[in-house]
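Summary of the model geometry
These are the residues of each chain, in order.
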Amino acid sequence: MKAAAFEYARASSIEEACALLRERGDGARLIAGGQSLAPMMAMRLARPTWLVDINDVPDLQYIRVEGERLRAGACTRQRALERDARAIRLVPLLSQALQWVGHIQTRNRGTAGGSLAHADPSAELPLVACVLDAEVSVRSTRGRRALRAGDLFTGPMTTTLAADELIEEIAWPIWREDHVGSAFTEVSIRHGDFALVAAAAQVALDGEARCLRASFGVGGADATPVAFPELAQTLAGARLEDSIISTIAERAAAALDPGEDLHASAHYRRHLAKVLAERSLLEARDRAIARRAGQIRQ
Amino acid sequence: MTPRGHRISVEVNGHLHEGEVPARLTLVDWLRDELHLSGTHVGCEHGICGACSVLFDGEAVRSCLMFAVQADGHRVTTVEGLSGEDGRPGELQDAFCETHALQCGYCTPGMLIAAHALLRENPHPTEAEIREAIGGNLCRCTGYQQIVEAIEHAAAKLVERGAR
Amino acid sequence: MASAAAPGEFRYIGKRRRTKEGPRFVQGRGRYVADVALPGMKHVALVMSPHPSARIIAIRTEAARALPGVRYVLTGEEFCAATDSLQIGVDAPQVRRYALAHEVVRYAGEWVVAIVADSRALAEDAAELVEVEYEPLPFVVDPERALAADAPLVHAAHGSNVLYHRRFVWGPVDEAFAGAAHHIAFRAVWGRSSTVPIETFGVVARWDPGTELLDVWASIQMPKFPDQVARALRLPGNAVRVHYDVDVGGSYGGKRGLKHTALAGYLAMKLGAPMRLIEDRLENMRGGDAHGPDRIFDMGAAFDSDGTIRALRIRAVDDAGAYTGRAPLQLGKPITAICGPYRIAAIEYEPVSVMTHKTPQEAVRGFGQSPTNFALERMMDRVAAYLGMDRIALRRHNLIRKDEFPYRIPSGSAYDSGDYHTVLDKALAAIDYPALVAERDTARRAGRLAGIGISTCLEPSGGNAAFEILFNPKNETTTWMDSCLVRIDLAGAVTGVIGTSSSGQGHETLVSTVIGEVLERDPASIRVARADSLSALPSNSPVGSRMAIMLGGAAAGAARKIREALIAIAAHNLDCSVEKIDYRDGDVSVIGDPSRKMTWDQLVEIAHRKYHRLPPGLEPGLQAKFVWEVPTGGGLPTPDGRVQMYPCYAFEAHVVYVEIDPDTARPELRRYVCGHDCGVMINPDIVHGMTYGGIAHGIGAALYEKFAYTPDGQLASGTFMDYLIPSALEVPALTIVDHCTPSPLTTFGQKGSGEAGYLGAPAAIANAVNDALAPLGTTLDTLPMTPHELWRKISAARATARS
């Protein structure tokens, strides 16, 4: 299991990385944490001719709050994001999700942007990006563009990124309502394995425990992670009774087109989608209520 | 295409090592084959088993998922670097001997790296935290029980030593 | 040798002592095969078959040969002409087996071409350039389908896919079934999993044309390995020298690597360069030929209303994969404990070993006993459920009582000793069984699926390989000796020499402890060295839970000879009879006259330098060997297939608590206790460690691990992303409760323990899961019990309940 031969270039800036990607053409690939790419290369399922290393680009490793968003450079380590106090306070869904990503050693190296670019439909960070409607900034020598996370993913391991583009930043919206709760849950066979199905939810309640807004989504049960903004929209103004949540989760699951593999049938995945969407919404609601009651101070 | 070699300079276990490597050479293969640090083991070469764990700039990572060229200018610690100045096993290694936390020894260096990283950050880990810390390191011999006990034992000893 | 003593009477045996192996491993100073680097060493990579069954039309190797750094490209045509078929266990001469396929391929992953290059990466580059043209042929991956008359044949010349099939009847089975009040019949399926060590198999071979000697370093755990390598390569036995001082990174039965070694050896001889073949994980999983039992049990039991099991009918169809190695014999070993720890008077056993177009099977921890125990223990729970009887009461009723030993079972083996009821009681007490039942019932009332599983199982140990002759009368193997050499050097230091490699069992600790016990010298001061196969005494390697018994017995025997020699020297020099010598810590004095004494150093000095002071007839120097035959071994089977196999029987009682998420069907083990009796433990930490590991391995087999095949004959779980080994987050905290019933057959009362835990864990977990499913009225008797399989059962049961 040795990678096929390739050429290597280490970029020291975003501009240099973009230039290298353009110059080296279609066979060039970025390597960030490499936690997905390196195994694929070892199995020769991926065979880039050039590897452009962005691990030492300082401008890609930061976490900051700017405007109404938490922003992280694409090469920010997952472990750093998981443990960042501002991220935990302002976008708790991130650290909730990150605890399910691989293991500590892989999160020490794996990056936020790498996970999005890899676009595994069962991966946790793409799901969170879709559920929170994160904005993804993309750079190339042609300039900068921003897109919504939902527009990034087109299928398993495929995105709308052009060969010469790199993800520069991910910006997750901060929900500023007083009573916000979020939850991430998944079923994997072992801890740390890819999810069979995962679900994420975030809700904001008013002082009367009525839903101001909600968002949720499911990963691993379709070709991409799927958020359900229209369904979530119907929750606005409602008290989030268990039965309402159950119905919404059922409708969401029905809208999915799950695949089938060694570990789970499509049928089972759809079932899990319903169960987990419901659980994540219930848990998010309960956390928002607890927050409202002042039981949780984050 | 004949890939060119890359000059690298890496601090390994406190000593600077220079070399020329093809881009595709993994960090673990470089450590083992070029530096003859054979304590870091190859188990799966696709990032699951954790046998190849090393500290990279102080953080536990899988050295089969990195290319040696990426380590240029960085700092690596292998199991050989966990022993004390006198070359004798440190407290954690001693604890592995005390509780018989190993059998075939193949996963042991990776386990030690994971445990070392844990105890550095968290001197009083709970059993659940210990299991999380070594959750990415597969062992086929021990059922993990005596490894968990070793880490608890080492934590107690380290705290005791620190208190003195 | 039968001098059982309670552990308290020993000085070193049974005491918590650090192992001798620990320090080198914690410093990263183990020496594994991948650490063997020889000047000029070349690297081998393999081209594997993409088809489960195909004819090889053409192999084009020009492009691969042309790649710079490539030294050789070897095909099956050359290799099969130049070497002999690997030896196999059963009588099936037309099932020929080589390291490389020739003319046809018989499973996806089979090695077709070997590339030799200056580096492993270059060899892999070249492997991609080899073009093999195949004509796909019909294939079969379902073992029952493979038994059909019209099934595609894996080996046409063999004439069928059946490697072995016999119906044994021991005792009045038909009469018991006719006379018993009740019968049940059910099917239990053990999924294809294996030992899957973290280190793959590897070998380094070097041929010296000057001495005509092939040196082999390998991560090996295999009886008669050097001999078989020599035969395959058409070399005299003394032209192969296997170095046993290689640390093996886990094996648990599976590291046999004969084909790898034949291939590397051939290439080393052909090219005149040291050759390194270390499987990568893909080669290991697909083509390493180390899958495990893959077995369908059709179980029948006849029993009375009071729970007395009167007779069993067991049919076991085992999928050997595409070639026969040890696979059929893994149906044979369980004959030594075919009724488990129970008094069952009549048994019918029909083992069927069948070939399919899958990766071949190799030995796995327990050698077929764990699947058998799983089927037996599911039977016990099903009988209890049928009768509405408590599972523990049913077991207690049928367990052999401690005053019944030695207890001869219908298939011919006598169990040496045991106290099964007490061990079960200890396990139940340790987990606080009544409280656990309350916990389960509370969980159930809260809507969770919760279950308690119990298994009471045997670990036969110290094997004599009598299954070989039982399954192949042409193979008259009736001894499986082991041996040790003990020497005291001129400086008085003690060394034990053994002729086997270790894969974590702690043989250096074992041998030094035993020698220290006999010679009354500190084991920490005793070195244990590993001879190579040309200088070693005979060993049958650490298989069959045998080293505590066999190597321990051999080391004790050799140490006793040394002790006797020292006493003889003392008596001669102190002018008294040997009976008058008091030996203490290696020093001696005359009983009743302690002023007449000699020290260890003086005795050693005489033995090495002062022939004039040696008693007549005593060899100078202090060196003794001891070769030990398996206790009770040496017998031949009766015509109806009864034979004494394993001498010693360890017992384990598992109690496990599981909860299954009723909505996601994900199981989680919450509590785990194992009561264990393997007689006298030589090193308790080592015994406990192997038992913990065996339980974890059993958790894998029960819940996670499977070499799954797609309908088109491809291995679907050929990486660690799909073959799921349990981590520290899946294995719960484990508690072991010891009990000691010494074996009357062994040197110190010890029994084997290398397979402990694994032999009862899958059974207990399956019973726990089924206890959790019981309120839904459904059962699951197929391993592994994955979330998906559990969900299918749960959802079907709920659908039935609704309709």
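In the block above lies the structure referred to throughout.
These remarks concern the structure in this document. (Residues numbered from 1 in each chain as written. Chains lettered and ligands numbered in written order. Predicted model: local features only at pLDDT ≥ 70, side-chain atom pairs only at ≥ 80, totals over all residues. Heavy atoms only, no water.)

A closer look at the interface of chain B and chain A
Rules: Any two residues whose heavy atoms approach within 4.5 Å at even a single point are treated as in contact. Buried area counts how much accessible surface, traced with a 1.4 Å probe, disappears from two parts once they are put together, with both parts' losses summed. Between Lys or Arg on one side and Asp or Glu on the other, a salt bridge is scored when a side-chain nitrogen of the former is within 4 Å of a carboxyl oxygen of the latter.
Contact residues are listed per partner, giving 35 residues for chain B and 35 residues for chain A. Summing the contributions of chain B and of chain A, the shared interface buries around 2800 Å²; its carbon and sulfur component is 51%. The largest share of the area that chain B buries against chain A comes from R24, L65 and Q70 of chain B, three residues that together contribute 22% of it. Where chain B packs against chain A, one counts 5 salt bridges.

Quick look at the packing of helix α2 (residues 91-98) of chain B against helix α3 (residues 108-121) of chain B
Residue and element names in this part refer to chain B. Stated precisely, the cut-off is as follows: Axis definition: a line fitted to C-alpha atoms, over the contacting stretch in the case of helices. Angles run 0 to 180 degrees between N-to-C directions. Helix and strand assignments follow DSSP, with helices taken as H or I runs no shorter than four residues and strands as E runs no shorter than two, numbered in order from the N terminus. Here roughly perpendicular refers to angles of 65 to 115 degrees, roughly parallel to angles under 35, roughly antiparallel to angles over 145, and oblique to all remaining angles. Put simply, a crossing is left-handed when the front helix is turned counterclockwise from the back one by less than a right angle, and right-handed when it is turned clockwise.
Running from amino to carboxyl end, α2 crosses α3 at an angle of 125°, the nearest separation of the two axes being 10 Å. When the axes of α2 and α3 are compared, the pair comes out oblique. By crossing handedness, the relation of α2 to α3 is classed as right-handed. Facing α2, whose interface residues are L92, Q93 and F96, α3 presents T108, M111, L112, A115, H116 and L119.

Looking at the interface of chain C and chain B
In plain terms, the rule: N or O atoms within 3.5 Å of each other form a polar contact, as long as, within protein, one can give a hydrogen and the other can take it, and as long as residues adjacent in sequence are counted only when both atoms are side-chain atoms.
Chain C puts 54 residues into the contact, and the matching count from chain B is 47 residues. Overall, the association of chain C and chain B removes approximately 4000 Å² of surface from exposure, summing both partners, and the carbon and sulfur fraction of that is 56%. Linking chain C with chain B are 6 salt bridges. R16 of chain C is paired through a salt bridge with E98 of chain B; the nearest N and O atoms lie 3.9 Å apart. Across the chain C-chain B interface, the total number found is 23 residue pairs in polar contact (both at pLDDT 80 or more). It is helix α18 (residues 684-704) of chain C that contributes the most residues to the side of chain C that touches chain B, 9 residues altogether.

Quick notes on the sheet that holds strand β2 (residues 28-31) of chain A
Residues and elements named next belong to chain A. Basically, it comes down to this: Two strands qualify as a pair provided DSSP detects at least 2 bridges between them.
The sheet built from 3 strands is open, its strands ordered β1-β3-β2 with parallel pairing. Each of the sheet's edge strands pairs with one partner strand only, and the pair in question is β1 (7-10) and β2. Neighbouring strand axes in the sheet, compared pairwise and without regard to direction, differ in orientation by 25° on average. The pairing of β1 with strand β3 (residues 50-53) spans 4 bridges and is classified as parallel.

Some words on the packing of aromatic side chains
Residues and elements named next belong to chain C. Note the following rule: When two rings of Phe, Tyr or Trp (its six-membered ring) have centres within 6.5 Å they constitute a pair, described as stacked for plane angles under 30 degrees, edge-to-face for angles over 60, and tilted for the intermediate range. Burial here depends on accessible area, computed with a 1.4 Å probe over protein chains only, as a share of the maximum for the residue type. Under 20% is buried, over 50% is exposed, and the range in between is partly exposed.
According to the stated counting rule, one finds 20 aromatic pairs over all chains in the structure shown. Taking the centre distance of 6.5 Å and the plane angle of 80° together, the rings of Y107 and Y323 count as edge-to-face. With Y107 in the loop between β4 (104-105) and β5 (111-117) and Y323 in the loop between β15 (309-321) and β16 (346-355), the pair connects residues that are 216 residues apart, well separated along the chain. You can call Y323 buried: its relative accessible area is 3%. With 6.4 Å between their ring centres and 25° between their planes, W170 and Y349 make a pair best called stacked.

Here's the deal with the pattern of salt bridges
For side chains of opposite charge, pairing can occur when their charged atoms come near one another. All names here are of chain C. Enumeration over the complete set of coordinates arrives at 108 salt bridges over all chains. The salt bridge involving R231 is made with D227; its shortest N-O contact spans 3.1 Å. In this pair, R231 and D227 both sit in helix α7 (residues 225-232), 4 residues apart, roughly one turn of the helix. Among the ionic pairs, R584 bridges to D582, the shortest N-O distance being 3.2 Å. You can call R584 exposed: its relative accessible area is 56%.

Examining helix α1 (residues 27-34) of chain B
Structurally, the α-helix is built with 3.6 residues per turn, so residues lying three or four positions apart point the same way. Residue and element names in this part refer to chain B. Within α1, 6 of the 8 residues are buried, which leaves it mostly tucked inside the rest of the structure. All of the buried residues along α1 are L27, V28, D29, W30, L31 and R32. Among the structural elements, β1 (5-12), β2 (15-22), β3 (53-56) and β5 (75-77) are those in contact with the buried residues of α1.

Let's talk about helix α10 (residues 242-254) of chain A
Residues and elements named next belong to chain A. As a reminder, the rule being used: Multiply 1.5 Å by the residue count of a helix minus one, and that product is the helix's expected span. In this context, the arc is that of the directions from the helix axis out to the C-beta atoms.
Between its first and last C-alpha, α10 extends 18 Å over 13 residues, near the 18 Å set by a 1.5 Å rise per residue. The complete set of buried residues in α10 reads I245, S246, I248, A249, A252 and A253. Here the buried residues of α10 occupy an arc of 165° about the axis, which is enough to place them on one side.

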